Amino acid sequence: MSLVADAVDSLLEASVVGSFTRLGPVLRRRTARWVPLEGRDLSGKVFVVTGATSGLGLETARTLARLRGTVVIVGRDAAKCERVRRSIVDVIQGAGVHAVVADMGDLAAVRRAAGEILSLTPRVDVLVHNAGALDDVRTESPQGIETTVATHVVGPWLLTHLLKPALARAAPSRVLFVSSGGMYAEPPDAGSPELPADRYDGVRQYAKAKRAQVTLVPLL
């Protein structure tokens, strides 16, 4: 990134609002000279997208498949995963789309999913952590971790490490976290990101989890 693009990015980030409105992408596209996706050929590349049965994850999976990438969609509902897989392959001729079922907040399920992904492909070019949760009531994963933190932070950390051999084979590979401007509501915290039951607030917990995601990226 050029010095100008870097400066613009820093200013947008500092403003918070500028970074997470339409202004952010418009200015970054111009200063960093983003290359349009149209016309790219991702043949031979493998993408794993969690939370891919709706919203941003679904649109990401569709776009990657349209650009001829092989896509592994990860979702917690088996029937919905299959419906989404079929909806993509029925519309995009020759699309290579696989469905893997896992709740990203359940570490045992994440381990099974990683094994299934590695059985499907020896390489992973891009791992997109998009799965998320925002609950009004505090719940815990099967391993006793607050659900939002388990889904946004611990599960993705585990999946990333379990897929390291496949990511290494595809180097230079990428691991992407879909975060949120909501993270600015919480400062970085060196302690646990989990809120106790007596102080639980779903929105605040979500913000703490998103902040932890961004903190985790350079460590990974």
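The written sequence of each chain sets the order in which its residues are numbered from 1. Only residues with pLDDT of at least 70 get local features here, since the model is predicted, and only at 80 or more are side-chain atom pairs given and counted; chain-wide, interface and lining totals rely on the full set of residues. In computing side-chain values, all of the structure's heavy atoms are included and hydrogens and water are not.

*Asks:* Just checking my understanding: could you explain the nonpolar core for this structure?
*Replies:* Buried together is how nonpolar side chains tend to be arranged in soluble globular proteins. Residues enter a nonpolar core if they are buried and are Ala, Val, Leu, Ile, Met, Phe, Trp, Tyr or Cys, with the set joined through side-chain atoms within 4.5 Å. Here's how the labels work: a residue is buried when its accessible area is under 20% of the maximum for its type, exposed when over 50%, partly exposed in between, all with a 1.4 Å probe on protein chains only. Counting 29 residues, the largest nonpolar core has Val48, Ile117, Val124, Leu127, Leu159 and Leu163 as the members making the most contacts within it. Starting at the N terminus, helices and strands are each numbered in turn, a helix being any DSSP run of H or I of at least four residues and a strand any DSSP run of E of at least two. Contributing elements (two or more residues each) for this core: β1 (46-50), β2 (70-75), α5 (107-120), α6 (147-162), α7 (164-169) and α8 (202-219). Per-element accounting of this core gives the leading share, 6 residues, to α5. Here Val48 is in contact with Val72, Val74, Ile117, Val124, Val126, Leu127 and Val128, once residues within four sequence places are set aside. The contact definition used throughout considers only heavy atoms, calling two residues in contact when any of these lie within 4.5 Å.

*Asks:* When you look at unusual backbone geometry in this model, what are you seeing that I'm missing?
*Replies:* One can expect most non-glycine residues to show negative phi and most peptide bonds to be in trans. The amide bond that connects Ala171 to the next residue, Pro172, takes the cis arrangement and shows omega of 5 degrees. Mapped onto the elements, Pro172 comes out in the loop between α7 and β5 (174-177). Positive phi values are uncommon outside glycine, yet Val16 reaches one of about 65 degrees. Structurally, the position occupied by Val16 is in the loop between α1 (3-15) and α2 (23-31). Classification of Val16 by relative accessible area gives partly exposed; the value is 28%. One non-glycine residue, Arg33, adopts positive backbone phi at about 55 degrees. For Arg33, a relative accessible area of 72% corresponds to the exposed category.

*Asks:* For this particular structure, what's the right way to read the pattern of salt bridges?
*Replies:* Opposite charge on two side chains allows them to pair when their charged atoms are near. For this analysis, a salt bridge means a side-chain nitrogen from Lys or Arg found within 4 Å of a carboxyl oxygen belonging to Asp or Glu. Following the criterion strictly, the structure yields 10 salt bridges and no others. Between Glu82 and Arg85 there is a salt bridge; the shortest N-O distance is 3.0 Å. Highlighted residues: Glu82 and Arg85, both in helix α4 (residues 78-91), separated by 3 residues, approximately one helical turn. Residue classification places Glu82 among the partly exposed positions, given a relative accessible area of 34%.

*Asks:* Got a minute to help me understand the sheet that holds strand β4 (residues 126-129) in this structure?
*Replies:* Working definition: the strands of a sheet are paired by backbone hydrogen bonds and lie parallel or antiparallel to each other. Two strands make a pair as long as DSSP finds a minimum of two bridges between them. A sheet is described by the order of its strands in space; here 5 strands give the open sequence β3-β2-β1-β4-β5, paired in parallel fashion. Looking at strand neighbours, the two that pair on one side only are β3 (96-101) and β5, the edges of this open sheet. Neighbour to neighbour, the strand axes of the sheet diverge by 15 degrees on average, direction disregarded. Summarising the sheet, β1 and β2 pair through 5 bridges and their orientation is parallel. Looking at the pairing, Val46 lines up with Thr70 of β2. Note on geometry: axes are lines fitted to C-alpha atoms, helical ones only across the stretch in contact, with angles between N-to-C directions running from 0 to 180 degrees.

*Asks:* Can you help me understand the environment of Gly57 in this one?
*Replies:* The topology assignment puts Gly57 in helix α3 (residues 55-66). As for Gly57 and Pro172, which are separated by 115 residues in sequence, their C-alpha atoms are 22 Å apart. Excluding residues that lie within four positions of it along the chain, Gly57 makes contacts with Val49, Gly51, Ala52 and Asn130.

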